[in-house]
Amino acid sequence: MAKSKTTAFFCKECGYESSKWMGQCPACKAWNAFVEAPTAAMDKHPGKVSGPLGLAAVEPCRLEAVSVEREDRISTGFAELDGVLGGGIVPASLLLVGGDPGIGKSTLLLQVCRNLAMNGRKVLYISGEESLKQIRLRADRMGTFTGDLTFLCETSLDTIAHVLDKHRPEVVIIDSIQTIYREEVSGAPGSVGQVRESTNVLLQLAKGLGITIFIVGHVTKEGTVAGPRMLEHMVDTVLYFEGDRNASYRILRGVKNRFGSTNEIGVFEMAENGLQEVKNPSEFLLSGRPEEASGSVVACAMEGTRPILLEIQALVCRTNFGVPRRTAAGTDYNRVNLLMAVLEKRLGLRLSECDAYVNIAGGMRISEPSLDLGIVTALVSSYQDTPVSDQLLVFGEVGLSGEVRAVNMAEQRVSEAVKLGFEACILPKSNLEAIKRKFPIRLIGVKNVQEAMAALAKS
């Protein structure tokens, strides 16, 4: 008699397994995260090596015997992407790329395939969502494709494993993991069981055959990769492609990287022939800035080791309702309310009678505390209807007592302002005392918001 397949309940957030459904996961405390999926079948012969790889026996080695050189990394042809990855692609790694639909994930990876093939790499692009004709139409607007670049439209994981074992490419793109299925696992493609099993097999292929594999993942409405949270734990690197679909720029951010920092970002611009690198994001974000307009201030935020100058806009006007309206776009809403309370208490501004709207121009989303002084300056400028000089940069963290606290990497922020031709900079006084270099820019150190507003009036 045939043995029936058993099922269990798995937590989508942490992968916790239970024999019955539970409202809250006892491991990660997530609510309504359990889904039913078939359990993996136990191997009747534990000592027998099985699977799609057919690998030879391996021997352990000492750590000092492992050779790691900088030349081992593979350049993608995009300096922005290489920076996010920590210097390039590490061979035999498994990378996950997530992002909203239509944001440009497939376009970016197709351009990476083109660059790698032109540099003599053997690349295979596997699509489970598009036909070969659709890929050709998309590739035609990017230019000429040369080199050892091949394409395959397939969703069966067993067939994909056979092709990889036969052709042994150096880099493989899987677009996307939600369309891949394995016949031994019950459930539709994209289910928890299929995604978990498919990722596990791809991980074995990447490590066993020495192939670098990029996986494209769909995202949920919350902005996380669809499928079990275990998916992000299994891969080596997790990249998120962010940005407004109606805007021209895109931001590539690393949220997990076993081979580099997760603080770096890459900025791209969507053009007719694909994605183009933005070498100077500050200049790009400040283009079109209004002149002699109140409520507009230039501040500096750090994304990893890269300083980015951006425009903070504020609009403060009298309210017509009993409860004033507050809106924050691109920054933390609660932080804006906190800073407005500081201004009302420390500077005596009657902001409780006013509506306030704060916006980070260009669609950027920044939550760094160094923007506090810029937001405060923009709010005061709009409230008093007094323009701020176009050649002034402001940064610093503001505390509840109105003090201006120091921020990290002050010299890099000032250096970026000098490159873009700014003439003055208001910064925390403790940062000014720590700066050793001489800059051709007027540096104004302030201890609190009262000194900052006084310096603003003189500038």
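As the structure is a computational prediction, the values presented were derived from the model and not from experiment. (Residues numbered from 1 in each chain as written. Predicted model: local features only at pLDDT ≥ 70, side-chain atom pairs only at ≥ 80, totals over all residues. Heavy atoms only, no water.)

Visitor: So what exactly am I meant to see when it comes to the pairing of strand 11 (residues 265–271) here?
Guide: A regular strand carries its side chains on alternate faces of the sheet. Where strand 10 (residues 249–257) and strand 11 come together, five bridges link them in antiparallel fashion. Paired with R253 across the two strands is I265, which belongs to strand 11. The pairing of strand 11 with strand 12 (residues 274–277) spans four bridges and is classified as antiparallel. Bridging from a neighbouring strand, M270 pairs with L275 of strand 12. Between strand 11 and the antiparallel strand that follows it, strand 12, lie two residues. (Pairing = 2+ DSSP bridges. Helix = DSSP H or I, 4+ residues; strand = E, 2+ residues; numbered from the N terminus.)

Visitor: Help me understand the sheet that holds strand 3 (residues 34–38), please; the structure alone is not making it clear to me.
Guide: The strands making up a sheet are joined through hydrogen bonds of the backbone, oriented either antiparallel or parallel. Strand order in the open sheet made by the three strands is 2-1-3, with antiparallel pairing throughout. Edge positions in the sheet fall to strand 2 (17–18) and strand 3, since each has one partner strand and no second. Sheet topology places strand 1 (residues 7–11) next to strand 2; two bridges connect them, and they run antiparallel. Counterpart to F9 in the pairing with strand 2 is S18.

Visitor: Just to check I follow, could you spell out unusual backbone geometry for this structure?
Guide: A negative phi angle is the norm for most residues apart from glycine, just as the trans form is the norm for most peptide bonds. Backbone torsion omega between D175 and S176 reads 5°, so that peptide bond is classified as cis. When you line up the elements, S176 lands in the loop between strand 7 (171–175) and helix 5 (192–209). In this structure, D385 takes a positive phi of about 55° despite not being glycine. Turning to its location among the elements, D385 is positioned in the loop between helix 9 (372–384) and strand 17 (392–394). A relative accessible area of 57% places D385 in the exposed class. (Buried < 20%, exposed > 50% of the residue type's maximum accessible area, 1.4 Å probe, protein only.)

Visitor: Before we go on, may I ask you to explain the pattern of salt bridges in this structure?
Guide: Opposite charge on two side chains allows them to pair when their charged atoms are near. Evaluation of the coordinates by the stated rule reveals 18 salt bridges. A salt bridge links R136 to D140; the shortest N-O distance between them is 2.9 Å. With R136 and D140 both in helix 3 (residues 132–140), this residue pair falls four residues apart, about one helical turn. A salt bridge links R318 to E353; its shortest N-O distance comes to 2.9 Å. Here the residue R318 occupies a position in strand 14 (residues 306–318), and E353 occupies one in the loop between helix 8 (333–346) and strand 16 (354–360), the gap between them amounting to 35 residues. (Salt bridge = Lys/Arg side-chain N within 4 Å of Asp/Glu carboxyl O.)

Visitor: How should the sheet that holds strand 11 be read in this particular structure?
Guide: As summarised here, the arrangement of the nine strands in space is 6-5-7-8-4-9-10-11-12, forming an open sheet in which the pairing is mixed. The two strands at the open ends of the sheet, each matched to only one other strand, are strand 6 (149–153) and strand 12. Between one strand axis and the next, the sheet turns by 25° as a mean value, whatever way the strands run. Across five bridges, strand 5 (residues 123–127) lies against strand 6 in parallel orientation. Counterpart to S127 in the pairing with strand 6 is C153. Running at roughly 160° to strand 5, helix 2 (residues 105–118) makes contact with strand 4 (94–99), strand 5, strand 6, strand 7, strand 8 (212–217), strand 9 (237–242), strand 10, strand 11 and strand 12 of the sheet. Of the strands in this sheet, strand 5 and strand 6 are in contact with helix 3, which crosses strand 6 at around 140°. (Axes fitted to C-alpha atoms, helices over the stretch in contact; angles between N-to-C directions. Contact = heavy atoms within 4.5 Å.)

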